[in-house]
Amino acid sequence: MEKNVVLFDIDYITKDEKAVIRLFCKDKDGNQERSIIAIDESFEPYIYVIPNDFKRAEEDIRELGFEKIEKVVKKDFQVETEFLKLIFNHPQDVPKHRDTISHLASVREIREHDIPFYRRYLINNDIFPMSKLKLSGEFIDKYEGLEKSSALIFKLDSSPKSVGEDYSNFRILSFDLEVRNPKGMPDSKKDEIIMIGVSTNTGINKVLSTKDEDLDFVNVLETEKEMIKTFINIIKEENIDILVGYNSDNFDFPYLRDRAKIYNLNLDIGMDGSSIKFLRRGGYQNSASFKGLIHIDLYLVMRRYMSLERYTLERVYLELFGEEKIDVSGDKIWQYWDNGGNDLKRLFEYSLDDVVATLKIAEVTLPLSLELTKIVGQPFFDITRMATGQQAEWYLVRKAYEIDEVIPNKPNGAEFNSRKGDKNTGGYVKEPDRGLHENLVQFDFRSLYPSIIISKNISPDVLLKKDHFTGHYIKNIVSKKLDGKEPNPEDFYVAPEHFNMFAKEPVGFIPSVLGNVLNERIRIKKQSKETNDELERKSLDVQQQALKRLANTMYGIYGFSRFRWYSMECAESITAWGREFIQNTMKQAEQFGFYAIYADTDGFYAKFRQSPEYKDSENKD
DNA sequence: CAGAAACGGGG
DNA sequence: GTGTACGTTTCTG
């Protein structure tokens, strides 16, 4: 049978030493919104091997005990290249054996060994989280590891297919804890939770608490334990899709976990019946996550959404809505609680205001993250925790797969460190002339850097570059076409300053992707102008914003030391051309009597003067 | 001055 | 877990 669902989350488990993909979905078509966990047992992990010697490499790899090896042709920087595709039994075999394999004398390089299994699944099956999916298979009664789950279980008999239909009615709950901490920051061993604020886009606005001040939004409970239980029940009963908090990765969820543990309470709200898990994502960031129930920490989202000096909930709220929200200083909360009366009333109001504000912020900002999820094609949870450069990279990984390009490796420690030492000059800046200036004209380039990337075809696969050590051209479509002959300068765009050369033909991978992103954005903007439906216009507007963000990320990314397509030549050529363009434009403007009084990167302000002599006399002041 | 440690948000 | 991995400011030796 076939079933249309919305995909929320994805992971894999191990069964009989094989990986099994689990898709956490919801049936959003019926009235019941049942959770469905789809099982796919057919997806296999693999890497690509570039041998020095095909026969030897195949023998060596077989000797290590791997049998599933096939010769395949893929493109590498647009050059058709033969690889050995090595299929493993289990995703963990990749990190376990990749060093042994890459160090074989018969092997030059391995590729695509650093792409997590669940990401690979999304990319190879061309499916997108938070959008509709068509499942084909059968419902089954039980499955290993899902004994505690109340979701329906669906076993796939073929790959899931993307359904080109939009979905955006997600059930969102925001929450916030207040704690009685008389000394310093809250200590979860001692300081009890005194309030849990809850607000949903399904109409709930309440504060759970053990005290009462005769306010209709306060839900009084006997104990802290009952409060936590009630909170968990609201999430279950309201069938919440997305949980949002503010700094909840670092405060609310760790705190809730600790307090729940004291009372032996299970936070079993995962779709598979599992509890909260804290994912270590880098040095400082722990993320609170549930299977199939998306937790978004808005603090992280806001840091990328807008540029502010601080990101407190109050500051972000003021910026977005132009109004102050109720604020109670953290170190006074316990006094308000102990005092009771009007102080306690104010604390209840603060608690409610916090979650109402958090939900409001979520409703304004999450559409953009959702749109990025649907474009980049990685889980919503991941997207909200990724740097913009990572978002762009996973988008490019997907695009590379679509055109049969093998993906460049992530840099290893040594490469990363050497890249970190590389420096690039930024945009041209003319310090402003002092004084109050009137009647200025403003000039800007429209998306200067993306335009340069496209018009000068700036991309590592079409860059003519000699290897530092061997003196040979690095392998890409350009050196392949040269075939040992000297390059003809006419066939290249030559960058100012460093004279990096980019072939005019063919179109480079990144200029091509970027061009498509910008064209798609123009198409959507046009569509938005044509529609009379206000809701559709809003949705189209968010789509074009997401594409704009993606396009704007792609210029700086060449100089980002963790980037798979890192290229200092590309990064420095973009800014060099940028400086040349703006300075040339300023010179041209001078010929018409407009003198720049200030310039920065992609634009300047200019003043009209009768003649250069007039300008000189003015400058003496 | 370089390298290590702390900070951000949260109460 | 096909392991992750911030950028900036302040402190310390």
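From a predicted model like this one, the values you see are computed outputs, not experimental measurements. (Residues numbered from 1 in each chain as written. Chains lettered and ligands numbered in written order. Predicted model: local features only at pLDDT ≥ 70, side-chain atom pairs only at ≥ 80, totals over all residues. Heavy atoms only, no water.)

### What about the sheet that holds strand β5 (residues 69-76)?
Rule in force here: If DSSP finds at least two bridges between two strands, the strands pair. Strands here are runs of E lasting at least two residues and helices are runs of H or I lasting at least four, both read from the DSSP assignment and numbered beginning at the N terminus. Note on geometry: axes are lines fitted to C-alpha atoms, helical ones only across the stretch in contact, with angles between N-to-C directions running from 0 to 180 degrees. The contact criterion used is simple: two residues touch if any of their non-hydrogen atoms lie within 4.5 Å.
Pairing is antiparallel in the open sheet, where 4 strands are placed in the order β5-β6-β4-β7. Edge positions in the sheet fall to β5 and β7 (107-111), since each of these pairs with one other strand and no more. Ignoring which end each strand starts from, the neighbouring axes of this sheet average 40° apart. Bridge count for strand β4 (residues 46-51) against strand β6 (residues 79-87) is 4 bridges, and the pairing is antiparallel. Across the sheet, the residue bridging to Val-49 is Leu-84, located in β6. The strands touched by helix α1 (residues 54-63) are β4, β5, β6 and β7; relative to β6, the strand with the most contacts, the crossing angle is about 15°. Running over the sheet, helix α2 (residues 93-102) touches β4, β6 and β7 and is turned about 155° from β7.

### Some words on the protein's contact with DNA strand C
This is how it is decided: The nearness test applies per residue and asks whether one of its heavy atoms lies within 4 Å of the molecule or strand. Polar contacts, as used here, are pairs of N or O atoms within 3.5 Å; protein pairs need one atom able to donate a hydrogen and one able to accept it. Residues neighboring in sequence count only if both atoms are side-chain atoms.
Around DNA strand C lies a shell of 22 residues, among which Arg-98, His-113, Phe-117, Arg-280 and Arg-562 are the nearest. Of all DNA strand C atoms lying within 4 Å of any protein atom, the proportion belonging to sugar or phosphate reaches 52%. One nitrogen or oxygen atom from the main chain of Tyr-46 is found 3.4 Å from a base nitrogen belonging to DNA strand C. Ile-115 has a polar backbone atom sitting 3.1 Å from a base nitrogen of DNA strand C.

### Focus on the environment of Glu-238
Structurally, Glu-238 can be placed in the loop between α4 (224-237) and β15 (242-245). Through-space distance from the C-alpha of Glu-238 to that of Leu-300 is 25 Å; in sequence the pair is 62 residues apart. If we ignore the near neighbours within four places in the chain, the residues touching Glu-238 are Arg-171, Thr-202 and Ile-204.

### Considering the packing of helix α11 (residues 388-402) against helix α16 (residues 534-556)
What counts here: Any angle from 65 to 115 degrees is called roughly perpendicular, while one under 35 is roughly parallel, one over 145 is roughly antiparallel, and all others are oblique.
Where α11 meets α16, the closest approach of the two axes is 9 Å, and the angle between their N-to-C directions is 100°. The pairing of α11 with α16 is recorded here as roughly perpendicular in orientation. Contacts between α11 and α16 involve Thr-388, Gly-389, Ala-392, Tyr-395 and Leu-396 from the former and Leu-550, Thr-553 and Met-554 from the latter.

### A look at unusual backbone geometry
Among all residues except glycine, the phi angle is most often negative; among peptide bonds, the trans geometry is most common. Here is the rule we go by: The buried label applies to any residue whose accessible area, calculated with a 1.4 Å probe on protein chains only, is under 20% of its type's maximum; exposed applies above 50%, and partly exposed to all values in between.
With omega at -10°, the peptide bond leading from Glu-505 into Pro-506 counts as cis. Mapped onto the fold, Pro-506 is located in the loop between β23 (501-503) and α15 (509-530). With a phi close to 65°, Met-130 is a non-glycine residue in the positive phi region. One can find Met-130 in the loop between α3 (117-124) and β8 (132-140). The class of Met-130 is buried, set by a relative accessible area of 0%. With a phi close to 55°, Asp-214 is a non-glycine residue in the positive phi region. Secondary-structure assignment places Asp-214 in the loop between β13 (205-209) and β14 (218-220). Given the relative accessible area of 72%, Asp-214 is considered exposed.

### So, the sheet that holds β23
The antiparallel open sheet is built from 3 strands, whose spatial order is β21-β23-β22. Every other strand in the sheet has two partners, leaving β21 (463-464) and β22 (492-494) as the edge strands with one partner each. With 2 bridges joining them, β21 and β23 adopt antiparallel strand pairing. In the sheet register, Leu-464 faces β23, and the bridge partner there is Met-501. Across the sheet, helix α17 (residues 568-591) touches β21, β22 and β23, and the angle it forms with β23 is around 100°.

### So, a positive patch on the surface
Stated formally: What makes a patch is a set of residues exposed beyond 30% relative accessible area and free of salt bridges, joined within 9 Å when like-charged and within 5 Å when nonpolar (Val, Leu, Ile, Met, Phe, Trp, Tyr). Areas reported as accessible are Shrake-Rupley estimates using a 1.4 Å probe. Residue values count occlusion only from the protein chains shown. When a carboxyl oxygen of Asp or Glu lies within 4 Å of a side-chain nitrogen of Lys or Arg, that pair is called a salt bridge. His residues and chain termini do not enter the charge count, which takes Lys and Arg as positive and Asp and Glu as negative. Lys charges are placed at NZ, Arg charges at CZ, Asp charges at CG and Glu charges at CD.
A surface patch of like charges, here positive, comprises Arg-446, Lys-525, Lys-529 and Lys-548. With respect to the helices and strands, the residue Lys-548 is situated in helix α16. Taking the relative accessible area as the measure of exposure, Lys-548 reaches 40% and is therefore partly exposed.

### Some thoughts on the domain arrangement of chain A
Using the following cut-off: Start and end points for every domain follow an automatic or database-based domain assignment. Buried area: the accessible area, evaluated with a 1.4 Å probe, that two parts lose upon being put together, summed over both parts.
For chain A, the assigned domains read domain 1 (1-163), domain 2 (172-366) and domain 3 (410-578). One C-alpha centre belongs to domain 1, the other to domain 2; they are set 36 Å apart. Facing 20 residues of domain 1, the contacting portion of domain 2 comprises 12 residues. When the area that domain 1 buries against domain 2 is broken down by residue, the three leading residues are Phe-8, Phe-24 and Lys-26, summing to 36%. Linking domain 1 with domain 2 are 4 salt bridges. Along the contact surface separating domain 1 from domain 2 lie 9 residue pairs in polar contact (both at pLDDT 80 or more).

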